[in-house]
Amino acid sequence: MTLISTPFNAKTTAAEILAGVDLTGRRIIVTGGASGIGLETVRALRGAGAEVTVATRNPASGERALDLSDLGSVRAFVAGWTGPVHAIVANAGIMAVPTRQVAANGWELQLATNFLGHFALVTGLHENLRQAGDARVVTVSSGAHLGVPFDFDDPHFERRPYDPWAAYGQSKTAEVLLVVGVARRWAADGVTANSLNPGYIHTNLQRHLDDATMRAFGAMDDEGNLLTPDYYKTPEQGAATSVLLAASPLLDGVTGRYFLDNQEEGVVPGGPDATGGVADWAVDPAVADRLWDHALKATLNG
């Protein structure tokens, strides 16, 4: 399979992705669109004429409440939606929560928020996506997925020691598997799905990281001041790949792929030494089907 390339690069901004693109009449949902790369995703899409609904846990004026860790909140959002959805950008997330926490349904909080809430949202709006005729689902994953497969035996760290990064990485593997599941099931409905690694960006996502971790990333000096290494992106650049997958005509009909820096990434063996690409365990159809069934049962019972 030939990898998809685009004329853009790591420093392209979200607005530049959509230069000359008219999204008038397209209805798009962006979760976590009130700050960081989510906010820049919303700005670029609205700038191109799209009708964008910002779904966020703490809504400001004009936004809609959506707590992804609460399946009741997701159901209420879905029940309140009418008409087609042309794209869902599953952008909201939490990272490296320092102590084990669980959602109301018992799921580990990062997995419940980053994956299960988005699964419930996407599947709940399946008919609305189908109505659009050419809808897209986009999940914002992370390079952290490369080191952590999905653990079906103990996904919520009930028996194994809790590790913030293992929990985060597992949730991001699950987000890629969600895309694989959609691509396998909904192609006949005109729904495509792709995932991405946005890269390194200073956002509120890092709020749980201690100073030592930030220094290890090269993103903080000894006095506690934030630094921006050359490999970091601005929020406007970090949102570019999300916007590419959600709305660029260059991605018409493309589904089940994983992108970084506005280019498709190849499949690599997952493991502690993996540094780029998408892990083989995150695109395994059998694993995607198993996780889909596991999540569907949770959304029906939760």
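This structure is a prediction, so every number in the text was calculated from the model and none was measured.

Caption draft 1: Expanded view of the overall build of the chain. Of regular secondary structure, the chain possesses 10 helices and 12 strands. What you see for the chain is a C-alpha radius of gyration of 18 Å, in line with the 19 Å of a compact globule of 302 residues. Here the chain, with 302 residues, has 55% of them falling under the buried criterion. Contacts in the chain between residues at least 24 apart in sequence constitute 73% of all its contacts with a sequence separation of at least 6. Accessible area for the chain stands at about 12500 Å²; split by element, carbon and sulfur atoms hold 51% of it.

Caption draft 2: Geometry of the layout of surface pockets. There is about 210 Å³ of room inside the second largest pocket. Along the wall of the second largest pocket there are 15 residues; nearest its centre are Gly143, Leu146, Ala274, Thr275 and Gly276. When the residues that make up the lining of the second largest pocket are grouped by side-chain class, the tally is six nonpolar, seven polar and two charged.

Caption draft 3: Summary view of the environment of Val243. Checked against the element boundaries, Val243 lands in helix 9 (residues 240–247). On the basis of relative accessible area, Val243 is assigned to the buried category, the value being 0%. Expressed as a C-alpha distance, the spacing of Val243 and Pro272, which sit 29 residues apart in the sequence, is 30 Å. Ignoring sequence-local partners within four residues, the contact set of Val243 consists of Ala14, Ile17, Leu18, Thr41, Ala44, Leu45 and Ser248.

Caption draft 4: Region of interest: the pairing of strand 2 (residues 51–56). The buried fraction of strand 2 amounts to five of the six residues, a majority that puts the element mostly inside the structure. Note that strand 1 (residues 27–31) and strand 2 share five bridges and pair parallel. Bridging from a neighbouring strand, Val30 pairs with Val54 of strand 2. The handedness of the strand 1 to strand 2 crossover, carried by helix 2 (residues 36–47), is right-handed. Bridge count for strand 2 against strand 3 (residues 64–65) is two bridges, and the pairing is parallel. Counterpart to Ala55 in the pairing with strand 3 is Arg64.

Caption draft 5: How the structure looks around unusual backbone geometry. Although it is not a glycine, Phe157 adopts a positive phi angle of roughly 55°. The exposure class of Phe157 is buried, given its relative accessible area of 4%. In this model, Asp261 sits at a positive phi of 55°, which is unusual for a non-glycine residue. Counting through the fold element by element, Asp261 comes out in the loop between strand 9 (257–260) and strand 10 (263–264).

Caption draft 6: Here's a closer look at the pattern of salt bridges. One pass over the full model with this rule turns up 13 salt bridges. Arg27 is paired through a salt bridge with Glu51; the nearest N and O atoms lie 3.4 Å apart. With Arg27 in strand 1 and Glu51 in strand 2, this pair connects stretches of sequence that are 24 residues apart. Given the relative accessible area of 17%, Arg27 is considered buried. Overall, the relative accessible area of 44% leaves Glu51 in the partly exposed class.

Caption draft 7: Structural view of helix 9. When you tally the buried positions in helix 9, you get eight out of eight residues, the bulk of the element. For helix 9, the set of buried residues is Ala240, Thr241, Ser242, Val243, Leu244, Leu245, Ala246 and Ala247.

Caption draft 8: Looking closely at the sheet that holds strand 10. Taken together, eight strands build an open sheet; the order of strands is 3-2-1-4-5-6-9-10 and the sheet is mixed. What marks the edges here is a single partner per strand, and that holds for strand 3 and strand 10. Helix 9 contacts strand 4 (87–90), strand 5 (136–140), strand 6 (192–197) and strand 9 of the sheet and is inclined by roughly 160° relative to strand 5.

Caption draft 9: Main features of the side chain of His86. Inspection of the secondary structure puts His86 in the loop between helix 3 (71–79) and strand 4. Apart from the residues lying within four places of it in its own chain, the contact partners of His86 are Gly25, Arg26, Arg27, Ala132, Asp134, Ala135 and Arg136.

Reading the values: the criteria
- Residues numbered from 1 in each chain as written.
- Predicted model: local features only at pLDDT ≥ 70, side-chain atom pairs only at ≥ 80, totals over all residues.
- Heavy atoms only, no water.
- Helix = DSSP H or I, 4+ residues; strand = E, 2+ residues; numbered from the N terminus.
- Rg over C-alpha atoms; globule rule 2.2 N^0.38 Å.
- Buried < 20%, exposed > 50% of the residue type's maximum accessible area, 1.4 Å probe, protein only.
- Contact = heavy atoms within 4.5 Å.
- Areas by Shrake-Rupley, 256 points an atom, 1.4 Å probe, with all protein chains shown as cover.
- 1 Å grid on protein atoms, 1.4 Å probe; cavity = no way out; pocket = protein on both sides within 12 Å on 5 of 7 lines; lining within 4 Å.
- Points joined across faces, edges and corners; volume = space filled by probe spheres on them.
- Nonpolar A, V, L, I, M, F, W, Y, C, P; charged D, E, K, R; others polar.
- Pairing = 2+ DSSP bridges.
- Right-handed = clockwise from strand over helix to strand, strands pointing away.
- Salt bridge = Lys/Arg side-chain N within 4 Å of Asp/Glu carboxyl O.
- Axes fitted to C-alpha atoms, helices over the stretch in contact; angles between N-to-C directions.

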